[in-house]
Amino acid sequence: MAMYQAACPGCGAPVEFRSAASRMAVCSYCRTTLLRDADAVRDIGKQAALIEDHSPVQIMTSGQHAGQGFTVVGRIQLRYEHGVWNEWHLLFDDGSSGWLGDFGGQFVLTRPDGDAVGPPLFDKVEPGNRWSHGGVFWHAADIRKAECVAAEGELPFPVDARWVARVIDYRHRDEFLTLDYSDLPPVAYRGKAVTLSALRAQHLRDPDAVVSRAGRLHGGVSTLICPVCGAPAAVVPGATQHLICPSCRSQISLAAGQAEVMRRAAADAKAIGATLQAGETLTIDGLPWRVMGWLRCAVPHQAAEPEWFEYLLFAPQRGFSWLIETREGWQRAEVIDTWPESFSVSAAHLGGEAFVRRYLYSSQVREVVGAFPWRARVGDTVEIGEYVKGERVLNMERGARELGWSLAVPVEQDTVAGWAGRKLASIVRTGYSAGADTPVLLDGGGKAALRPIAWVFSVLIVVMNLRYMLPFNVDAMFVTGIVVFLLWIPARAGDGAAD
């Protein structure tokens, strides 16, 4: 039941305000934006058209959360450098509000948790930074600035195409905390990842309406015809934001509701072949998994380190998964929703188990092929921390604005060949010995982490032997030089090839 109703100044249609806290409403007929001030409303212009997506949520969708009913009364559609997402405004039965973040079929429900006390400066936060709120230490997972594409329904504050959201998403185990810097002081929102079935969502969009308005069936794998070369490419409607055509390597953006060519590949561009091809299907545990795309990666500035491939898989019933091919073998990796309880430079604890850090290195994308939920680009660099327990590997991936975790387990090459139904010409070395070619421990910049230790001991050796070398003892100087040289051999491993 509406608490306040006004006639739209643009078309005369009734516009309802269901919440006393709502300050803005968009007419569903002519998209005129009404700003409420006390018991009067005024026209502040037209809202841009929403980008049609495959979200099943709509205005008046209802559900249950924490024993309380809610109704979707508004939406803000936001765009950032890697794509578009929705923030649905929820009105609960007790008059309170919340937000349902909709990221291509993944949902996070958060509710206001008060003003942030002693918040960090937005421009100073980096992924992984720790901050205390509500008696809990949170880790920064995502820092982003996003522009408003359009809005509909009721919102607690006015927005238009000039409105920019500045948000930091923090994580603690399976909880989310969002700091919204759109106003000062920033407001905190706390919640968890949810599913529409767990919310007992009702009045969702009709699947046929989704197909007719968005153009393709949601939740499956569809085929897009490349606008440059005409070759077919596999995409996931509603989730694929970026495509590198497997045939001509042209970059195509799908975030604006249509295929927009961003860059045509150079005519002489040459690709290094991957073992699995974008578009082929693997049968894993009886389910068909489509290879959506792959990344060829390497350690920057370390030419001696071998390259590897990361394959993005998708199954309608399961979502996305990763298959990683290195010289040492294959791994199956899953992004985990529940983060480690704690992590440091030496160890991480997940589910009460301790994982010990093995490597810390940089990974740089050298080649991109296929469809991805984000804008994957050549040159993208992230820091990888590998924590191991037995054969399992807990991977921390930290970029310039994001931090995430995945859990990987080894897979035999014969098993992967069985999934593909063919023989594989893999980069995996037969009879490979990890002890012979294990990479040196790397820091986030790609330099050997042994170097600081080598510098410290080099100075100590020189200082301790100074009294023997002076005034000019050739033998002592020679022996000291040999010791320092031997000390630097492990720290300089691979530098000759990199230079």
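Residues numbered from 1 in each chain as written. Predicted model: local features only at pLDDT ≥ 70, side-chain atom pairs only at ≥ 80, totals over all residues. Heavy atoms only, no water.

Enquirer: Is there a simple way to explain the nonpolar core in this structure?
Expert: The nonpolar side chains of a soluble globular protein tend to be buried with one another. With 28 residues, the main nonpolar core has Leu295, Trp308, Trp322, Tyr361, Val368 and Phe372 as its most contacted residues. Those elements that place two or more of their residues in this core are strand 17 (232-235), strand 18 (242-244), strand 22 (287-298), strand 23 (308-315), strand 24 (319-326), strand 28 (353-372) and strand 29 (381-389). In terms of residue count, the dominant contributor to this core is strand 28 (six residues). Trp322 has contacts with Leu295, Glu310, Tyr311, Leu312, Gln331, Arg332, Ala333, Val335, Phe372 and Trp374, leaving out every residue within four places of it along the chain. Core analysis: the second largest hydrophobic core is formed by 21 residues, Phe309, Val369, Ala417 and Trp419 among them. (Core = buried A, V, L, I, M, F, W, Y, C linked by side-chain atoms within 4.5 Å. Buried < 20%, exposed > 50% of the residue type's maximum accessible area, 1.4 Å probe, protein only. Helix = DSSP H or I, 4+ residues; strand = E, 2+ residues; numbered from the N terminus. Contact = heavy atoms within 4.5 Å.)

Enquirer: What am I meant to see in a nonpolar patch on the surface here?
Expert: Residues Phe478, Val479, Ile482, Val483, Phe485 and Leu486 make up a contiguous nonpolar surface patch of about 600 Å² in total accessible area. Here Ile482 lies in helix 6 (residues 474-488). (Patch = residues over 30% accessible without salt bridge, like charges linked within 9 Å, V, L, I, M, F, W, Y side chains within 5 Å. Areas by Shrake-Rupley, 256 points an atom, 1.4 Å probe, with all protein chains shown as cover. Salt bridge = Lys/Arg side-chain N within 4 Å of Asp/Glu carboxyl O.)

Enquirer: Looking at this structure, how should I read the pattern of salt bridges?
Expert: One side chain can pair with another of opposite charge once the charged atoms of both are near each other. Enumeration according to the criterion identifies 13 salt bridges in this entry. Across the pair Arg144 and Asp142 runs a salt bridge whose closest N-O atoms are separated by 2.2 Å. Between Lys192 and Asp174 there is a salt bridge; the shortest N-O distance is 3.6 Å. Separated by 18 residues along the polypeptide, Lys192 in strand 15 (residues 187-194) and Asp174 in the loop between strand 13 (164-172) and strand 14 (175-180) bring together distant segments of the chain. On the accessibility criterion, Asp174 (34% relative accessible area) is partly exposed.

Enquirer: What am I meant to see in the packing of aromatic side chains here?
Expert: Geometry of an aromatic ring pair is reported as the spacing of the ring centres plus the angle between the planes. Counted under the stated rule, the structure contains 16 aromatic pairs. Relative to Trp405, the ring of Tyr387 has its centre 5.8 Å away and its plane inclined at 40°; by these criteria the two rings are tilted. With Tyr387 in strand 29 and Trp405 in strand 31 (residues 403-411), the pair connects residues that are 18 residues apart, well separated along the chain. Ring pairing ties together the aromatic residues Trp294, Phe309, Tyr311 and Trp330, which thus form one cluster. Above the ring of Tyr80, the side-chain terminus of Arg144 is found at 4.1 Å from the ring centroid. One cation-aromatic arrangement involves Arg166 over Phe122; the distance from NZ or CZ to the ring centre is 4.9 Å. (Phe/Tyr/Trp six-rings, centres within 6.5 Å; stacked < 30°, edge-to-face > 60°. Lys NZ or Arg CZ within 6 Å of the ring centre and 35° of its normal.)

Enquirer: Help me out: how do you make sense of the pairing of strand 25 (residues 329-335) in this one?
Expert: The side chains of a regular strand alternate between both faces of the sheet. As paired strands, strand 24 and strand 25 are joined by five bridges and run antiparallel to one another. Residue pairing across strands places Leu323 opposite Arg332, the latter belonging to strand 25. Turn length for the strand 24-strand 25 hairpin, with the two strands adjacent in sequence and antiparallel, is two residues. Pairing geometry for strand 25 and strand 31, over six bridges, is antiparallel. Within strand 31, the position partnered with Ala333 by the bridge is Ala408. (Pairing = 2+ DSSP bridges.)

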